[in-house]
Each structure stands twice: as structure tokens, then as C-alpha cells.
Amino acid sequence: MIRPATPDDVPVIHAMIRELAEYERALGEAKATEEQLREALFGTAPAVFALIAESDEEGVEGGIPAGEAVGFALWFRNFSTWTGTHGIYLEDLYVRPRARGAGHGKALLATLARICVDRGYQRFEWSVLDWNAPSIAFYKSLGAEPMEEWTVRRMSGEPLHTLAALAQSDENPNRATALSI
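Here the structure is a predicted model, which is why all the values come from computation and not from measurement.

Structural notes on the pairing of strand β2 (residues 49–54)
Thought 1: Within β2, five of the six residues are buried, which leaves it mostly tucked inside the rest of the structure.
Thought 2: When strand β1 (residues 2–4) meets β2, the two strands line up antiparallel, connected through three bridges. The residue of β2 that forms the bridge with I2 is A53.
Thought 3: Alignment of β2 against strand β3 (residues 69–80), held across six bridges, turns out to be antiparallel. Within β3, the residue paired with L51 across the bridge is A73.

Focus on the sheet that holds strand β4 (residues 85–95)
Strands belonging to one sheet form pairs held by backbone hydrogen bonds; the direction of such a pair is parallel or antiparallel.
Thought 1: What the five strands build is an open sheet, ordered β1-β2-β3-β4-β5; its pairing is mixed. The open sheet has two free edges, formed respectively by β1 and β5 (123–126), since each of these has just one partner strand. Along the sheet, successive strands turn relative to each other by an average axial angle of 30°, direction set aside.
Thought 2: Looking at chain direction, β4 and β5 are connected through four bridges and run parallel.

Looking at the packing of aromatic side chains
Thought 1: Under the defined criterion, the tally for this structure stands at six aromatic pairs.
Thought 2: Seen from their ring centres, F49 and W75 are 4.9 Å apart, and the 35° between their planes marks the pair as tilted. Pair noted here: F49 is in strand β2 and W75 is in strand β3, with a separation of 26 residues, a long-range link.
Thought 3: Since its relative accessible area comes to 4%, W75 is described here as buried.
Thought 4: Taking the centre distance of 5.1 Å and the plane angle of 65° together, the rings of W126 and Y139 count as edge-to-face. Separated by 13 residues along the polypeptide, W126 in strand β5 and Y139 in helix α4 (residues 133–141) bring together distant segments of the chain.
Thought 5: Given the relative accessible area of 10%, Y139 is considered buried.
Thought 6: Taken together, the ring pairs in this structure connect F124, W126, F138 and Y139 into an aromatic cluster.
Thought 7: Taking the ring centre of W131 as reference, the NZ or CZ of R25 above it sits at 3.8 Å.

Observations regarding the side chain of T85
Thought 1: Its place among the elements puts T85 in strand β4.
Thought 2: A residue is classified by how much of its surface remains accessible, and T85, at 18% relative accessible area, is buried.
Thought 3: At 2.7 Å, the side chain of T85 and the side chain of T83 are in polar contact.

Details of the nonpolar core
Thought 1: The biggest cluster of nonpolar side chains holds 18 residues, and the ones touching the most others in it are A73, W75, I88, L90, L93, L108 and L112.
Thought 2: Per-element accounting of this core gives the leading share, five residues, to helix α3 (residues 104–119).
Thought 3: What L90 contacts, discounting residues up to four positions off in sequence, is A73, L74, W75, L109, L112, F124, E125 and W126.
Thought 4: V48, A50, I52 and F72 belong to the second-largest nonpolar core, a separate cluster that totals 15 residues.

Some details on helix α1 (residues 10–23)
Thought 1: Taking 1.5 Å of rise per residue, the 14 residues of α1 would be expected to cover 20 Å, and the 20 Å separating its terminal C-alpha atoms lies within 8% of that figure.
Thought 2: On its buried face, α1 is in contact with α2 (34–42), β2, β3 and β4.
Thought 3: R25 sits one or two residues past α1 and shows a positive phi near 65°.

A look at the side chain of E54
Thought 1: Locating E54 in the fold gives a position in strand β2.
Thought 2: Not counting chain neighbours up to four residues away, the residues in contact with E54 comprise M1, R3, G67, E68, A69, V70 and H104.

Rules used throughout
Residues numbered from 1 in each chain as written. Predicted model: local features only at pLDDT ≥ 70, side-chain atom pairs only at ≥ 80, totals over all residues. Heavy atoms only, no water. Buried < 20%, exposed > 50% of the residue type's maximum accessible area, 1.4 Å probe, protein only. Helix = DSSP H or I, 4+ residues; strand = E, 2+ residues; numbered from the N terminus. Pairing = 2+ DSSP bridges. Axes fitted to C-alpha atoms, helices over the stretch in contact; angles between N-to-C directions. Phe/Tyr/Trp six-rings, centres within 6.5 Å; stacked < 30°, edge-to-face > 60°. Lys NZ or Arg CZ within 6 Å of the ring centre and 35° of its normal. Polar contact = N/O pair within 3.5 Å; in protein donor to acceptor, adjacent residues only side chain to side chain. Core = buried A, V, L, I, M, F, W, Y, C linked by side-chain atoms within 4.5 Å. Contact = heavy atoms within 4.5 Å. Expected span 1.5 Å × (residues − 1).

Have a look at this one:
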């Protein structure tokens, strides 16, 4: 079963984020706290959302109790200037190893696709590590296509702060004085 996450799910989402980070060989980079997740997902102005995959009612999936959270999808809205519509960007998709193969990942993706279609969104996008062959094959089986001519860029740490300082400089007459989202 797929359902929207609730505040009570924050500890298990946090645990699964750490499991995913370990799988992706980047556990040291997973610094989000439960408090940060709770605010991002359920604060006064949530900008990120989560779905939970639960084991089936019979609880026969490898001895997993019925109703146990076995996976999650964390997503947010993006926007395409080309289509003039919002879309969904899937930040994380994770199903615990003992629950894989039971259709939870596909059900999470199908639910997100349904949200896109129901809301008139034109795109559903995510990134996958080049070495993650099982996930790449799974996504390909669903019809997801790689964006061959596009490369993801990321700025963080010192380069981010250096660039940000350019906007904060009093010598820069074009700096933004206030931004609100």
C-alpha cells in the first residue's frame, strides 16, 4: 500500500535515508536530522513531500509484519519554462532490501506518475547513479529515458558561499535586497 507520509513517519524516513546513503556509498554526506525532515515535510510551508510504501495486509513478504513501512519516495515540484507547467522531481526512492521484488518501488513511482497526470504536470524526473545497474534497468523497464545530452551540476560548500558572497556585496549595485519563496 502507498500512502502519504505523516509526522509519525519521520523517524523511519530518516532511517531509510541513511540506509540509502550507505547503499550509495555516501553515508558521511547524509547529515539531515529528523527535526529538519519534520520541518521540511510538515512545517508551516512544506516544499517537499513523501510517500510511504507499506507491506501488504497479509504480511507475507519475507516475514515483514503487515503495515510496516518498507520504502519511501521523497519529492518536490519543479517547473518547466518550456512546457509552462510544474513537474515532479523525485529526490529519493528507496525500498528496503528485504522488501524488494514485491512491487513497492513500482507502486511508489506509479503513484507519483498519477499525481503528475492528475495535476496536469508534464514531467517526472530524477537522477540515478551511473553504477546503479539494477535501478537503471528497473527505470528502463518502466519507460524512463536517460537525458543523454544533459549533465547534472551541483554547487555546495565553499564554491556556493563564494558565489553567494557576490550577491551580498555592498559594492554590487545589482544585488538582490530581499528574496522570498
